[in-house]
Amino acid sequence: MSSDSSDKTARVVAVTGGSTGIGRAVCQIFGAQGCRVYFLCRDAQSTDAAETVRLVEEAGGFARALSADVSDREQVAAFFKALEQEAGRLDVLVLNAGQTHDAFLVRMKEKDLDRVLDVNLKGAFFCLQEAARTMMKQRSGRVVVVSSLVGLRGNAQQAAYSASKAGLIGLTKSAAAELARRNITVNAVAPGYIETRMTGGLPDEVREGFVKATPLGRAGTPEDVAQAVAFLASDAASFITGEVLHINGGLYM
């Protein structure tokens, strides 16, 4: 039996970029815990968003999709205002929205650089800023930021994406230091090569190269990442903050 938006005993979870891939898997795992899941995506009326809602409710949770561009401060503020009015609180924030534009450093156009940084880094900042206000009033909360392996070691032709993901680690640690006194933890996960729609567009030889270089000998799945996110958002991780959990099968040690 699925929960609904009026179930005040269920934890409230907000997920950015929740309609596909890692974001969808995160929504599902919280749905299986009976949570009320509100997720942001570019188009809440899309078939992808509808599928995430279906899977969350099938798992036993409540889900609502809302359209917003995380790089737009006003849209972000409107989302969190609507969430607080309906749900009354916010227990978990998962910052997953992101995009990439791969190109050689010397060929990267400013508009493409801006878009990657605006969505991945600026968008995360806006969402965390809004969520922190609610969590500080509650004196409790869990924030999990989805960074990346390339934010730690870089990657050729991904200077913009790598810079944005490295920035998220700095944001995580700074926010953790600021919010700890209000019983709010802020941690990050750094996935390695994960099979998603985004990585599915890579050439076969590139994907095979990542798998070959991974000591565990396989690609990761969105569910691998979601399990780690769920742990960091749980009571079992209540004394962990400002950390980066690597989920890469040994690709980066």
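Below or above, wherever it landed, is the structure these notes cover. Small disclaimer: the values here were computed from a predicted structure and weren't measured. Counting restarts for each chain: residues are numbered from 1 in the order of the written sequence. Confidence filtering applies because this is a predicted model: local features only for residues at pLDDT of at least 70, side-chain atom pairs given and counted only at 80 or more, and all residues used for totals across whole chains, interfaces and linings. The basis for every side-chain value is the complete set of heavy atoms in the structure, and neither hydrogens nor water enter the calculation.

## Points about the packing of aromatic side chains
Here a Phe, Tyr or Trp ring, Trp counted by its six-membered ring, pairs with any other such ring whose centre lies within 6.5 Å, and the pair is stacked when the planes are under 30 degrees apart, edge-to-face when over 60, and tilted otherwise. Throughout the structure, instances matching the rule amount to three aromatic pairs. Considering the side-chain rings of F79 and F80, the 4.9 Å spacing of their centres and the 80 degrees angle between planes classify their relative orientation as edge-to-face. Note on accessibility: F79 and F80 belong to one class, buried. Only protein chains enter the calculation, and the probe is 1.4 Å; a residue is then buried if its accessible area is under 20% of its type maximum, exposed if over 50%, and partly exposed in between.

## A look at the nonpolar core
What makes a nonpolar core is a set of buried Ala, Val, Leu, Ile, Met, Phe, Trp, Tyr and Cys residues whose side-chain atoms join them at distances within 4.5 Å. Ranked by size, the top nonpolar core spans 37 residues in total, and within it F80, L83, L90, L93, L95, V143 and V186 carry the most contacts. Per the convention used, a helix needs a DSSP run of H or I reaching at least four residues, while a strand needs a run of E reaching at least two, with both numbered from the N terminus. Of all elements in the fold, only β1 (12–16), β2 (36–41), α3 (73–87), β4 (92–95), α4 (110–138), β5 (141–146), α6 (159–179) and β6 (184–191) reach the threshold of two or more residues within this core. Per-element tally for this core: the top contributor is α4, with eight residues. With residues up to four places along the chain from it excluded, the contact list for L90 reads V12, V13, A14, F80, L83, A131, T134, M135 and Q138. Grouped together as the second largest cluster of nonpolar side chains are 32 residues, F39, A44, V56 and V229 included. Whether two residues touch is decided by their heavy atoms; if any such pair falls within 4.5 Å, the residues are in contact.

## Observations regarding the environment of D48
On the secondary structure map, D48 appears in helix α2 (residues 47–59). Under the relative-accessibility criterion, D48 is labelled partly exposed at 22%. Sequence-distant contacts of D48, that is, excluding residues within four places in its chain, are made with S19, T20, R24 and R197.

## Topic: empty space enclosed by the protein
Both cavities and pockets are sets of points on a 1 Å grid over the protein atoms alone; in a cavity a 1.4 Å probe fits but cannot get out, in a pocket the set is open with protein on both sides within 12 Å along at least five of seven lines, and lining residues sit with an atom within 4 Å of a point. Grid points are joined across faces, edges and corners, and a volume is the space filled by probe spheres set on the points. One pass over the full model with this rule turns up one cavity of 30 Å³ or more. Taken as a whole, the largest cavity encloses approximately 50 Å³ of empty space. When residues in the lining of the largest cavity are grouped by element, the largest group, five residues, is from α4. Three classes are used: nonpolar for Ala, Val, Leu, Ile, Met, Phe, Trp, Tyr, Cys and Pro, charged for Asp, Glu, Lys and Arg, and polar for all others, with Gly counted as polar. Split into classes, the residues belonging to the lining of the largest cavity amount to seven nonpolar, four polar and no charged.

## Brief notes about the pattern of salt bridges
Two side chains carrying opposite charge are able to pair once their charged atoms lie near each other. Between Lys or Arg on one side and Asp or Glu on the other, a salt bridge is scored when a side-chain nitrogen of the former is within 4 Å of a carboxyl oxygen of the latter. Counted by the stated rule, this structure contains eleven salt bridges. The partner of R115 in a salt bridge is D69, and the shortest N-O contact between them spans 3.4 Å. Residue R115 is found in helix α4, and its partner D69 is found in the loop between β3 (62–67) and α3; the two are separated by 46 residues along the sequence. On the basis of relative accessibility, which here comes to 29%, the residue R115 falls in the partly exposed class. Residues joined in a network through salt bridges with shared partners are E51, R54 and E58.

## Focus on the layout of surface pockets
There is about 1300 Å³ of room inside the largest pocket. Forming the boundary of the largest pocket are 47 residues, of which G98, Q99, Y161, T196 and M198 lie nearest the centre. Elements supplying a minimum of two residues to the lining of the largest pocket: α1 (21–32), β2, α4, α5 (150–153), α6, α7 (197–200) and α8 (204–213). Partitioned by chemical class, the residues of the lining of the largest pocket number 19 nonpolar, 19 polar and nine charged. The computed volume of the second largest pocket comes to approximately 170 Å³. Along its surface, the second largest pocket is lined by F125, L128, Q129, A132, L171, S174, A175, E178 and L179.

## Observations regarding the pairing of β1
Most of β1 sits inside the fold, with five of its five residues counted as buried. Side chains of β1 alternate between two faces, with V12, A14 and T16 and V13 and V15 buried alike. Summarising the sheet, β1 and β2 pair through five bridges and their orientation is parallel. Across the sheet, V15 pairs through a bridge with F39, a residue of β2. The handedness rule is simple: strands pointing away from the viewer, and a clockwise path from the first strand over the helix to the second, make the crossover right-handed. At this point the chain moves from β1, through α1, to the parallel β2, and the crossover so formed is right-handed. DSSP bridges decide pairing: two strands pair if at least two such bridges lie between them. Sheet topology note: the β1/β4 ladder contains three bridges and is parallel. From the neighbouring strand, A14 faces β4, where its bridge partner is L93.

## Re unusual backbone geometry
At R139, a position not held by glycine, the phi torsion is positive, near 60 degrees. Within the secondary structure, R139 sits in the loop between α4 and β5. Positive phi is not limited to glycine here, since Q157 has a value of about 70 degrees. One can find Q157 in the loop between α5 and α6.

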